[in-house]
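Each chain, written out:
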Amino acid sequence: MAMKNDSSVIEFILMGLTDKPELQPPLFFLLLVNYVVTVMGNLSLINLICLNSHLHTPMYFFLFDLSFIDLCYSFVIIPKMLMSFLSERNIISFAGCMTQLFFYCFFVSSECYVLTAMACDRYVAICKPQLYTVTMSPRVCCLLMFGSYMMGFACAMVLTECTIRLIFCDSNIINHYMCDPFPLLQLSCSSTYSSQLVVSIIAFKVIIVSSLIIFLSYTLILFNVLHMSSSKGRSKAFSTCGSHRITVGLFYGFGMLTHVKPSSAGFVEQGKFFSVFYTNVVPMLNPLIYSLRNRDVKLAVKKTLKRITS
């Protein structure tokens, strides 16, 4: 993908999260803590899954990939975001902006598909337990992950190519803390109709397809659980899905609040606020959600600590 563009703009200025000086020091501190916790939490979960053989199951294979995506996601977004608090003009080159845009789209799309694969895994585990080992074999799990990354890559390539084709004239100030497709479309001085159409179709496809599969999986799980005779079995089935349900709710909920909004100036600022939860807080919370609510992970932590201290 060549970074060729006919624009007179060779660099962009990211406005950042806020232009109010009194809010910048506390926000910088909070986001720095968020970054450290996100990196440490996801790295810890990745190491726990690698080092403990009882976590070498399909569910934790998908969780490993989710943590890996969240870790990479934080590297793409947060460092440049923190820079906006330390410099008067947070400049990013055209090539740097397109690179950030590509990896942002790649990891967001891939996470949607990984969460979908996790929902399918929970469906098979609860509704077809006798076929779980055969259905969710290592080969099938690897194919699901490969497909998730390939579809994420395809979406990112199309969205980035659409943005590169835009022409930017005089204004180079992006009203955001990162290179998001929608602020870039608003900044272009060329016709954006076809690009907006493509971006909308890609976003619609990724969100609707993954949402429908997740919704269908949980509908079938609920139907199956309600027909269980044992209350203990029902409780166990619901608990195995609890962490995934919370993660899906946070990811899709804040994602929709970020992008599904009117295009007025007030809603642009509101969108930036919601996107902080979507891009920063959710990747930090995922390891906590899966560790605090999961006995297997708690056992892995105890084993690992015992191994280190002995």
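Here the residue numbering is sequential within each chain, running from 1 through the sequence in written order. Only residues with pLDDT of at least 70 are given local features in this predicted model, and only at 80 or more are side-chain atom pairs given and counted; all residues enter the totals for whole chains, interfaces and linings. In computing side-chain values, all of the structure's heavy atoms are included and hydrogens and water are not.

Chemist: Outline the state of the cysteines, supporting the account with residue identities and numerical values.
Modeler: Cysteine sulfur atoms are paired as a disulfide whenever they come within 2.5 Å of each other. Tallied over the full model, the rule gives 1 disulfide. In this structure Cys155 is a free cysteine whose sulfur lies 8.6 Å from that of Cys105, the closest cysteine sulfur available. For every residue, the accessible area obtained with a 1.4 Å probe (protein chains only) is divided by the maximum for its type, and the residue is called buried under 20%, exposed over 50%, and partly exposed between those limits. Judged by relative accessible area, Cys155 falls into the buried class, the value being 3%. For the unlinked cysteine Cys162, the closest cysteine sulfur is that of Cys105, found at 10 Å.

Chemist: Report on the side chain of Ser110, specifying residues and quantitative values.
Modeler: Take Ser110: it is sitting in helix α3 (residues 94-127). Whether two residues touch is decided by their heavy atoms; if any such pair falls within 4.5 Å, the residues are in contact. In this structure Ser110 touches Ile69, Ser148, Tyr149 and Gly152, once residues within four positions along its chain are discounted. Strands are runs of DSSP state E lasting at least 2 residues, helices are runs of H or I lasting at least 4, and numbering of each runs from the N terminus.

Chemist: Just give me the short version of the pairing of strand β2 (residues 90-93), but keep the residues and values in it.
Modeler: Side-chain alternation along β2 places Asn90 and Ile92 on a buried face and Ile91 and Ser93 on a face that remains uncovered. Looking at chain direction, strand β1 (residues 11-14) and β2 are connected through 4 bridges and run antiparallel. Bridging from a neighbouring strand, Leu14 pairs with Asn90 of β2. Here, strands pair whenever DSSP counts at least two bridges between them.

Chemist: Quick one: what's the story with the nonpolar core, residue by residue and with numbers?
Modeler: Throughout this description, the term nonpolar core refers to a set of buried Ala, Val, Leu, Ile, Met, Phe, Trp, Tyr and Cys residues connected via side-chain atoms within 4.5 Å. Counting residues in each nonpolar core, the largest one holds 84 residues, and the members touching the most others are Phe12 and Leu184. Considering each element in turn, this core owes the most residues, 20 residues, to α3. Other than its neighbours up to four places away in sequence, Leu184 contacts Phe12, Cys97, Met98, Leu101, Thr163, Leu166, Phe168, Ile174 and Cys179.

Chemist: Can you explain the side chain of Thr247? Please cite residues and give values.
Modeler: With respect to the helices, strands and loops of the structure, Thr247 is situated in helix α8 (residues 231-259). You can call Thr247 buried: its relative accessible area is 0%. Within the structure, the side chain of Thr247 is placed 3.5 Å from the side chain of Asn286, a separation counted as a polar contact. Excluding anything up to four places from it in sequence, Thr247 contacts Leu66, Leu115, Asn286, Ile289 and Tyr290. In protein, a polar contact means a hydrogen-donor-capable atom and an acceptor-capable atom, both N or O and within 3.5 Å, with residues adjacent in sequence counting only if both atoms are side-chain atoms; elsewhere, any N or O pair within 3.5 Å suffices.

Chemist: With reference to specific residues and values, describe the pattern of salt bridges.
Modeler: Should a side-chain nitrogen of Lys or Arg be within 4 Å of a carboxyl oxygen of Asp or Glu, the pair is scored as a salt bridge. As enumerated under the stated definition, the model contains 2 salt bridges in all. Residue Asp121 is joined to Arg122 by a salt bridge in which the shortest nitrogen-to-oxygen separation is 2.8 Å. Summarising the burial analysis for this pair, Asp121 and Arg122 share the class buried. In this structure, Glu161 and Arg165 form a salt bridge, with 3.5 Å as the shortest nitrogen-oxygen distance.

Chemist: Provide a residue-level description of the packing of aromatic side chains, including the pertinent values.
Modeler: A pair of aromatic rings is counted whenever rings of Phe, Tyr or Trp (Trp by its six-membered ring) have centres within 6.5 Å, and the orientation is called stacked for planes under 30 degrees apart, edge-to-face for over 60 and tilted otherwise. Counted under the stated rule, the structure contains 16 aromatic pairs. Aromatic side chains Phe12 and Phe168 sit 5.2 Å apart centroid to centroid with 85° between the ring planes, which places their arrangement in the edge-to-face category. Of this pair, Phe12 sits in strand β1 while Phe168 sits in the loop between α5 (138-164) and β3 (173-174), and the two are 156 residues apart along the sequence. Joined through ring pairs, the aromatic side chains of Phe102, Phe103, Phe106, Phe107, Tyr149 and Phe153 make up one cluster.

Chemist: Can you lay out the pairing of β1 for me, pointing to particular residues and giving the numbers?
Modeler: As judged from the 2 bridges shared by β1 and β3, these two strands associate in the parallel manner. Counterpart to Ile13 in the pairing with β3 is Ile173.

Chemist: Hey, could you go over the layout of surface pockets for me, with residue numbers and the actual values?
Modeler: For the largest pocket, the calculated volume is near 690 Å³. Here a cavity denotes grid points, spaced 1 Å and computed from the protein atoms alone, that fit a 1.4 Å probe unable to get out, and a pocket denotes an open set having protein on both sides within 12 Å along at least 5 of 7 lines; residues with an atom within 4 Å of a point are the lining. Lining of the largest pocket is provided by 23 residues; of these, Met59, Arg122, Lys236, Thr240 and Asp296 occupy positions nearest its centre. Residue assignment for the lining of the largest pocket shows that the elements contributing at least two residues are α2 (58-86), α3, α8 and α10 (295-309). A per-element tally of the lining of the largest pocket places α8 first, with 7 residues. Class assignment of the residues belonging to the lining of the largest pocket gives a composition of 10 nonpolar, 7 polar and 6 charged. Grid points are joined across faces, edges and corners, and a volume is the space filled by probe spheres set on the points. Three classes are used, and their members are as follows: Ala, Val, Leu, Ile, Met, Phe, Trp, Tyr, Cys and Pro are nonpolar, Asp, Glu, Lys and Arg are charged, and the others, Gly among them, are polar.

Geometric descriptors of this kind do not, in isolation, establish any biological role.
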